[in-house]
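Structural description and commentary
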Amino acid sequence: MKDDSYSEAQKLAERVRDTMFAADKAAHALGMEVSAISPGHASVTMTVREEMLNGFGICQGGLIATLADMAFAYACNSYNELTVASGFDVDLLGPGKLGDRLTADGRVVSQGSRMGVYDIEVTNQNGDRIAVFRGRSYRMKGKQVAT
């Protein structure tokens, strides 16, 4: 059974998600949705559309990296700290195809007072791994939402 502090942390993560998503023009333009959020975790989904295809007929790799970066951003900020990316590495392992529903699932690996490390895995609707992403975050002064 989860205690009250977890419940409050979960509610705060949901408020952060709602506030960030309302202003997230990139996510809206790309049809991304935050499908799950909890402290230190976020999942973001996107369906590959025709305008996302490159000359090989597969999803442009930068858009897959953007999906992973979105999950990274929501996971980092889920603690209600004002957090930005300081760097990331991404490995594209397979193609995203027209109509695929891609999910980027991001989780905290380590979170210090200023720096954090997050791992994100991107899969398709069949569970096939499309990309892996490791992000490094930097915590600035301030909060995402007033408490």
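So, a few notes on the structure that sits alongside this text. From a predicted model like this one, the values you see are computed outputs, not experimental measurements.

1. Details of the overall build of the chain
Each helix and strand in the chain was counted, giving three helices and six strands. Mapped in sequence order, the helices and strands of the chain form the string α-α-β-β-α-β-β-β-β. In terms of overall dimensions, the chain is globule-like: its C-alpha atoms have a radius of gyration of 15 Å, near the 15 Å expected for 147 residues. For the chain, the spread of C-alpha atoms along the three principal axes comes to 50 × 30 × 25 Å. Relative to its full complement of 147 residues, the chain shows a buried share of 39%. In the chain, 67% of the contacts between residues at least 6 apart in sequence involve partners at least 24 apart. Counting only carbon and sulfur atoms, one obtains 53% of the accessible surface of the chain, whose full area is about 7700 Å². Considering the chain, the positive charge centre built from 16 side chains and the negative charge centre built from 18 side chains are found 6 Å apart.

2. Digging into the pattern of salt bridges
All chains considered together, the criterion is met by nine salt bridges. The closest approach of N and O atoms between K143 and E81, which form a salt bridge, is 2.9 Å. With K143 in the segment after β6 (129-139) and E81 in the loop between α3 (61-77) and β3 (83-92), this pair connects stretches of sequence that are 62 residues apart. Using a relative accessible area of 49% as the deciding quantity, one classes K143 as partly exposed. D89 is paired through a salt bridge with R136; the nearest N and O atoms lie 3.2 Å apart. Here the residue D89 occupies a position in strand β3, and R136 occupies one in strand β6, the gap between them amounting to 47 residues.

3. Considerations on the nonpolar core
Counting residues in each nonpolar core, the largest one holds 34 residues, and the members touching the most others are M32, V44, L67, Y74, L102, I120 and V122. Contributing elements (two or more residues each) for this core: α1 (4-23), β1 (33-38), β2 (41-47), α3, β4 (101-111), β5 (115-123) and β6. Not counting chain neighbours up to four residues away, the residues in contact with Y74 comprise R17, M20, F21, D24, V34, I37, A42 and V44.

4. Side note on the sheet that holds β5
One key point about sheets: their strands pair by backbone hydrogen bonds, in either a parallel or an antiparallel sense. Pairing is antiparallel across the open sheet formed by six strands, whose spatial order is β1-β2-β4-β5-β6-β3. Taken across any chain shown, the strands that pair with only one partner, and hence form the sheet edges, are β1 and β3. On average, adjacent strands in this sheet sit at an angle of 20° to one another, irrespective of strand direction. Pairing of β4 with β5, which is carried by eight bridges, proceeds in the antiparallel orientation. Bridge pairing links S110 to V117 in β5. Packed onto the sheet, α3 meets β1, β2, β3, β4, β5 and β6 and runs at close to 150° relative to β2.

5. Observations regarding α1
In an α-helix, one turn spans 3.6 residues; hence positions three or four apart end up facing the same way. Taking 1.5 Å per residue, 20 residues should reach 28 Å; α1 reaches 29 Å between its end C-alpha atoms and fits that length. Packed against the buried residues of α1 are β1 and α3.

6. A word on the pairing of β5
Count of turn residues in the β4/β5 antiparallel hairpin: three residues. Across nine bridges, β5 lies against β6 in antiparallel orientation. Residue pairing across strands places V122 opposite A131, the latter belonging to β6. Here β5 folds back onto β6 in antiparallel fashion, the turn holding five residues, of which G127 has a positive phi close to 85°.

Rules behind the numbers
Residues numbered from 1 in each chain as written. Predicted model: local features only at pLDDT ≥ 70, side-chain atom pairs only at ≥ 80, totals over all residues. Heavy atoms only, no water. Helix = DSSP H or I, 4+ residues; strand = E, 2+ residues; numbered from the N terminus. Rg over C-alpha atoms; globule rule 2.2 N^0.38 Å. Buried < 20%, exposed > 50% of the residue type's maximum accessible area, 1.4 Å probe, protein only. Contact = heavy atoms within 4.5 Å. Areas by Shrake-Rupley, 256 points an atom, 1.4 Å probe, with all protein chains shown as cover. Lys, Arg positive; Asp, Glu negative; His and termini not counted. Charge placed at Lys NZ, Arg CZ, Asp CG, Glu CD. Salt bridge = Lys/Arg side-chain N within 4 Å of Asp/Glu carboxyl O. Core = buried A, V, L, I, M, F, W, Y, C linked by side-chain atoms within 4.5 Å. Pairing = 2+ DSSP bridges. Axes fitted to C-alpha atoms, helices over the stretch in contact; angles between N-to-C directions. Expected span 1.5 Å × (residues − 1).

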